[in-house]
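# Fold and geometry: a report
One letter stands for each residue in the lines below.
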Amino acid sequence: MGGHVTGAVTALASELPDWVTLLRAPNPGPMTLDGTNTWLLRAAPGEPAVVVDPGPADEGHLATIAARGPVGLVLITHGHPDHTDGSARLHELLGGAHVLAADPAHTIGGEPLTDPDEHFGGFGLTIRLLATPGHTADSVCFLVEHGGRQVVLTGDTILGRGTTVVAHPDGHLGDYLASLELLAAYRGIPALPGHGPALADCGAAADFYLAHRRARLNQVRSALDEGARTAPEVVARVYTDVDRSLWWAAEWSVRAQLEYLGRESDGGTARLDRP
């Protein structure tokens, strides 16, 4: 369970509600998988759509989103550039549709998403904000319902393939574990991730992520007991199954794990010497 995961962690969604459309940005890479997923949600023909995560500042991708108008609202799952760099330009192309995010720096034309259990409707959809910090401090998910069906838009908190990083120091592992426990309650509801394919069961994916994170923590504890003193040394012992070109990202997660273990031990500091 603690090994490197590259495939889907639960069954893929065989079909999605007909009010869900995926528009994938052309920015594939080791961290973005096939590219950033922009999700377009439209309750009925002619109704303004809700867009989740504009993606990068790629003019062709943004033009594709705008061509699916009308769009009444843009939502942001977290502030990483591969999800938000296109926000300002999309705001222009859409004629001023509000862009709402937890972080005021990524909010355009409206108020930041600050209520951890906020419900908002409009455009024929019912949307519930789920505060899910951990991957980043500003990470949120959205539970969306229409026509008796639900989906959870998970951003980078849960991916369609593999597992995500905890982007220390902005992201915190304790927060992330709590967020996964929250998402584990959404049994049988499809997860629409920020990267990779849609998953059939958000709750099952969250369960797998929790088990994987706890197994990694045990590996980090063992590495420390065996004498690892720095985050790079822990990475070299624990992430041997990860391509070295991605060890910089693994080090983010290791620093988050070390901080978590330090807090776990009576609020003390992590047992390592900083390089």
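Residues numbered from 1 in each chain as written. Predicted model: local features only at pLDDT ≥ 70, side-chain atom pairs only at ≥ 80, totals over all residues. Heavy atoms only, no water.

### Structural notes on the packing of aromatic side chains
Summed over all chains, the structure comprises one aromatic pair. When the ring centre of Y239 is taken as reference, the NZ or CZ atom of R216 above it lies at 4.2 Å. (Phe/Tyr/Trp six-rings, centres within 6.5 Å; stacked < 30°, edge-to-face > 60°. Lys NZ or Arg CZ within 6 Å of the ring centre and 35° of its normal.)

### Observations concerning the sheet that holds strand β7 (residues 126-131)
One open sheet holds the five strands; their spatial order is β6-β7-β8-β9-β10, and the pairing between them is mixed. Both edges of this open sheet fall to β6 (119-120) and β10 (191-193), since each of them pairs with a single strand only. Here three bridges tie strand β9 (residues 149-155) to β10, and the two strands are oriented parallel to one another. Residue pairing across strands places V152 opposite A191, the latter belonging to β10. (Pairing = 2+ DSSP bridges. Helix = DSSP H or I, 4+ residues; strand = E, 2+ residues; numbered from the N terminus.)

### Some points on the environment of V235
Note on placement: V235 falls in helix α6 (residues 231-238). For the pair formed by V235 and V71, sequence separation is 164 residues and the distance between their alpha carbons is 44 Å.

### Quick notes on the pattern of salt bridges
For the structure on display, the rule yields nine salt bridges. Across the pair R255 and E251 runs a salt bridge whose closest N-O atoms are separated by 3.3 Å. A residue pair is termed a helical-turn pair when its members lie 3 or 4 positions apart in one helix, as R255 and E251 do in helix α7 (residues 247-264) at four residues. By relative accessible area, R255 is classed as buried at 18%. Residue E251 is classed as partly exposed on the basis of its relative accessible area, which comes to 23%. Beyond isolated ion pairs, a larger network of salt bridges with shared partners links E59, R89 and E92. (Salt bridge = Lys/Arg side-chain N within 4 Å of Asp/Glu carboxyl O. Buried < 20%, exposed > 50% of the residue type's maximum accessible area, 1.4 Å probe, protein only.)

### Comments concerning the nonpolar core
Formed by 40 residues in total, the largest nonpolar core has its most connected members in V152, I158, L183, Y186, V234 and Y239. Looking at this core, the elements with two or more residues in it are β8 (140-146), α4 (173-183), α5 (202-225), α6 and α7. In terms of residue count, α5 provides more of this core than any other element does, nine residues in total. Other than its neighbours up to four places away in sequence, Y239 contacts R216, V234, W247, A250, S253, V254 and Q257. (Core = buried A, V, L, I, M, F, W, Y, C linked by side-chain atoms within 4.5 Å. Contact = heavy atoms within 4.5 Å.)

### Re the confidence of the model for the protein
Of all residues in the protein, 93% have pLDDT values of 70 or greater, and the mean over the chain is 91. Note on residues 265-275: pLDDT is under 50 here. Beyond four places in sequence and across chains, it has 21 contacts. (pLDDT = per-residue confidence, 0-100.)

### What to know about the sheet that holds strand β2 (residues 37-41)
Pairing is mixed across the open sheet formed by five strands, whose spatial order is β1-β2-β3-β4-β5. The sheet is open, and its two edges are formed by β1 (20-24) and β5 (98-100), each paired on a single side. Each neighbouring strand pair of the sheet contributes to a mean axis angle of 25°, computed without reference to strand direction. Bridging between strand β3 (residues 49-52) and strand β4 (residues 71-75) involves four bridges; their strand directions are parallel. In the sheet register, V52 faces β4, and the bridge partner there is L75. (Axes fitted to C-alpha atoms, helices over the stretch in contact; angles between N-to-C directions.)

### Regarding the pairing of β4
As a general feature of sheets, a regular strand has side chains that alternate between the two faces. Judged by how many residues are buried, β4 sits mostly within the fold: four of five residues are covered. Traced from β3 through helix α1 (residues 59-67) to β4, the parallel crossover comes out right-handed. Pairing analysis gives three bridges linking β4 to β5, with the strands arranged parallel. Residue pairing in the sheet places V74 in a bridge with V99 of β5. (Right-handed = clockwise from strand over helix to strand, strands pointing away.)

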